[in-house]
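Structure assessment
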Amino acid sequence: MATSRSISASAPLRGTITVPGDKSISHRALILAALAVGESVIEGLLEGDDVLTTAAAMRAMGATIEKRSDKWHVWGVGVGGLLQPGGALDMGNSGTSTRLLMGLVSTHPITATFTGDASLSSRPMERVITPLSRMGADITASPGGRLPLMVRGMCPAVPICYTLPVASAQVKSAVLLAGLNAPGTTRVIEPVPTRDHSERMLMGFGADVTVETDSAGVRTISIRGEAELRPQTIMVPGDPSSAAFATVAALLVPGSCATITNVGMNKTRAGLYKILCDMGADIAFVRNRSVGGEPVADLVVTHSALTGIDVPPEIAATMIDEYPILFVAAALAKGRTVIRGIEEMRVKESDRIATMATALAACGVRVEELPDGLIVDGTGGELLHGGVTVATHLDHRIAMSMTIAGLVSRAPVTIDDMSPVATSFPGFENSLQELGAV
């Protein structure tokens, strides 16, 4: 059910919040725990719709998953032990669930049908279908390589060496998960490094994984199949993608100083924070530590006068989900921000380049849409006009990004539907209210 919200210019944001667990790590923790033999315990799991979709799918394929107090307990079936699901696997709005689970199913002797909502069903899956088909899976998709689709797994599958044509952690992870139950060694070559949560967690569960990087920075990830995974206790750090919204809000709202605790700072995910600092952001990274093998810090964010920059395209893989909120930061920076090399943004939950360009232009921002990016001429700290209703196209990151834009607008900004936010950040509005936002 659609839930609209109107957001007004905010008083200074002050206080301390903790964001939900990392979405990428939460997905992978559930999947690998469901493949281990024995009981795993997960603390800090993101309880958003997308992650709960993954949990439901793993239950449908034989894993036992329960929440007890604030911890999740998972009893796995072992690699190769997935059961035939009794019905279609409903992926809701989760592209991560879909692509990772397609990889998992593709080398097990089962057949699974994947369905999703209207937004997910519009997203192409060919980039996953191609390598999984080479491993022997029989995949029948709707026109355009879209959902609904059926995966008939091959067991034993064919190990492959696959070079990613575009930087995609989801495709890399799908192939590595497929390789878990394929004889021999499966390799993924990524010319541009992407988030490495899958490699880290596979190693933690006991899989035989090696990572090599050549002099040009090209990474080769190898996994030996027919693995036996050991159950683990996992602590999930806070999601840097979720923390990005409060970070930018505190940077833009005059007089603000906010602390965001326990934020994952994996270098393959922290590109936005580097770019914001390059723009002049006052962000202190304190209490740097390691949680569950992942680097973590608390962020102390103080209102700052940002300056527009040319964002290097090569950083895209480390911040692909954060571009919508970067566009908002650029809208209030001094001067021009040029962002290119992000054509991947056009095939997310929405066409995020076009959707954000339309929304910001309606708020009075001068933007120029490019085939692979956006040029934003900022206001130099002046409030946006606002007074618009934003069409989010069922995209949670559009809804949250334009909510932050509303906090720095003269007239209220109305978000047509906030309900998709629950897919990644349940409690988003409450967190902003804790800092003093209206």
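Whatever comes next refers back to the structure up there.
Just so it is clear, the model here is predicted, and its values are computed rather than measured.

Cut-off values and rules
Residues numbered from 1 in each chain as written. Predicted model: local features only at pLDDT ≥ 70, side-chain atom pairs only at ≥ 80, totals over all residues. Heavy atoms only, no water. Core = buried A, V, L, I, M, F, W, Y, C linked by side-chain atoms within 4.5 Å. Buried < 20%, exposed > 50% of the residue type's maximum accessible area, 1.4 Å probe, protein only. Helix = DSSP H or I, 4+ residues; strand = E, 2+ residues; numbered from the N terminus. Contact = heavy atoms within 4.5 Å. Pairing = 2+ DSSP bridges. Axes fitted to C-alpha atoms, helices over the stretch in contact; angles between N-to-C directions. Parallel < 35°, antiparallel > 145°, perpendicular 65-115°, else oblique. Left-handed = near helix turned anticlockwise from the far one by under 90°. Nonpolar A, V, L, I, M, F, W, Y, C, P; charged D, E, K, R; others polar. Salt bridge = Lys/Arg side-chain N within 4 Å of Asp/Glu carboxyl O. Phe/Tyr/Trp six-rings, centres within 6.5 Å; stacked < 30°, edge-to-face > 60°. 1 Å grid on protein atoms, 1.4 Å probe; cavity = no way out; pocket = protein on both sides within 12 Å on 5 of 7 lines; lining within 4 Å. Points joined across faces, edges and corners; volume = space filled by probe spheres on them.

Glancing now at the nonpolar core. With 78 residues, the main nonpolar core has Tyr 273, Leu 276, Tyr 323, Leu 326, Met 402 and Ile 404 as its most contacted residues. The element contributing the most residues to this core is helix α8 (residues 240–252), with nine residues. If sequence neighbours within four positions are ignored, Tyr 273 has contacts with Pro 240, Ala 243, Ala 244, Thr 247, Val 263, Met 265, Ile 283, Phe 285 and Leu 299. Core analysis: the second largest hydrophobic core is formed by 68 residues, Ile 42, Ala 112, Ala 207 and Ile 234 among them.

Turning to helix α3 (residues 95–105), a few remarks are in order. Spacing of three or four residues puts side chains on the same side of an α-helix, whose turn is 3.6 residues. With respect to burial, α3 is a largely interior element, 11 of its 11 residues being buried. Here α3 has its buried residues at Gly 95, Thr 96, Ser 97, Thr 98, Arg 99, Leu 100, Leu 101, Met 102, Gly 103, Leu 104 and Val 105.

Attention shifts here to the pairing of strand β20 (residues 366–370). Where β20 meets strand β21 (residues 373–377), five bridges bridge the pair, whose relative direction is antiparallel. Residue pairing for β21: Val 367 is matched across the bridge by Val 376. Counting the residues between successive antiparallel strands, the hairpin from β20 to β21 contains two residues.

A separate point is the sheet that holds strand β3 (residues 39–43). The four strands are arranged β4-β5-β3-β14 in an open sheet whose pairing can be described as mixed. Only two strands of the sheet have a single neighbouring strand rather than two, namely β4 (64–68) and β14 (233–235). Averaged over all pairs of adjacent strands, the angle between strand axes in this sheet comes to 20 degrees, irrespective of strand direction. As paired strands, β3 and strand β5 (residues 71–75) are joined by five bridges and run antiparallel to one another.

This part covers the packing of helix α10 (residues 323–331) against helix α12 (residues 396–406). Look at α10 against α12: their axes get within 8 Å of each other, and the N-to-C directions meet at 20 degrees. One way to sum up the angle between α10 and α12 is to call them roughly parallel. In the packing of α10 onto α12, the handedness of the crossing is right-handed. For the pair α10 and α12, the contacting residues are Pro 324, Ile 325 and Val 328 in the first and Arg 397, Ser 401, Ile 404 and Ala 405 in the second. The residue makeup of the contact of α10 with α12, split by class, is five nonpolar, one polar and one charged.

For the structure on display, the rule yields 30 salt bridges. Its salt-bridge partner being Glu 349, residue Arg 123 comes within 3.7 Å of it at the nearest N-O pair. On the criterion of sequence distance, the pair formed by Arg 123 in the loop between α4 (118–121) and α5 (126–134) and Glu 349 in the loop between β19 (336–339) and α11 (352–362) is long-range, its members being 226 residues apart. Here Lys 172 ties to Glu 190 by a salt bridge, and the two come within 3.4 Å at their closest N and O atoms. Of this pair, Lys 172 sits in helix α6 (residues 169–179) while Glu 190 sits in strand β11 (residues 185–190), placing them 18 residues apart in sequence. A residue is classified by how much of its surface remains accessible, and Lys 172, at 0% relative accessible area, is buried. Assessed through its relative accessible area of 0%, Glu 190 is described here as buried. Taken together, the shared-partner salt bridges connect Arg 123, Arg 195, Asp 321, Lys 348, Glu 349, Arg 352, Asp 395 and Arg 397 into one network.

Let us look at the side chain of Asp 22. With respect to the helices, strands and loops of the structure, Asp 22 is situated in the loop between β2 (14–18) and α1 (23–33). Judged by relative accessible area, which is 2%, Asp 22 ranks as buried. Apart from the residues within four sequence positions on either side, Asp 22 is in contact with Leu 46, His 197, Val 236, Pro 237, Gly 238, Asp 239, Pro 240 and Arg 269.

The next subject is the packing of aromatic side chains. Scanning the model with the defined rule gives three aromatic pairs in all. Centroid distance Phe 245 to Phe 428: 6.0 Å. Interplanar angle 80 degrees. Geometry classified as edge-to-face. Taken together, the residues Phe 245 in helix α8 and Phe 428 in helix α13 (residues 428–434) connect sequence positions 183 residues apart. The pair Phe 245 / Phe 428 is uniform in exposure class, with both members buried. Relative to Phe 327, the ring of Tyr 323 has its centre 6.5 Å away and its plane inclined at 45 degrees; by these criteria the two rings are tilted.

Axis separation between α10 and α11 bottoms out at 10 Å; the angle between their running directions is 30 degrees. In terms of orientation, α10 lies roughly parallel with respect to α11. Classified by chirality, the crossing of α11 by α10 is right-handed. Where α10 approaches α11, its residues Pro 324, Phe 327, Val 328 and Ala 331 are matched on the opposing element by Arg 352, Met 356 and Leu 360. Residues belonging to the contact of α10 with α11 are distributed by class as follows: six nonpolar, no polar and one charged.

This part covers empty space enclosed by the protein. Inspection of every chain in the model, using the stated rule, returns one cavity of 30 Å³ or more. One number sums up the size of the largest cavity: a volume of about 40 Å³. Forming the boundary of the largest cavity are Arg 28, Ile 31, Leu 32, Leu 177, Ser 198 and Leu 202. When residues of the lining of the largest cavity are assigned to their parent elements, the largest contribution, three residues, is made by α1. Considering only residue class, the lining of the largest cavity consists of four nonpolar, one polar and one charged.

Time to look at the layout of surface pockets. In this structure, the largest pocket spans a volume of roughly 720 Å³. Contributing to the lining of the largest pocket are 43 residues, with Ala 167, Ser 168, Ile 320, Glu 344 and Lys 348 lying nearest its centre. Elements supplying a minimum of two residues to the lining of the largest pocket: α1, α3, α6 and α12. If you tally residues by element for the lining of the largest pocket, the top one is α1, at four residues. When grouped by side-chain class, the residues that make up the lining of the largest pocket number 14 nonpolar, 12 polar and 17 charged. By volume, the second largest pocket is sized at about 240 Å³. Around the second largest pocket, the lining is made up of 15 residues, and of these Arg 200, Met 201, Ile 234, Gly 292 and Gly 293 lie nearest the centre. Elements supplying a minimum of two residues to the lining of the second largest pocket: α7 (197–204) and β14. At four residues, the largest contribution of residues to the lining of the second largest pocket is made by α7. Taken together, the residues that form the lining of the second largest pocket break down as seven nonpolar, six polar and two charged.

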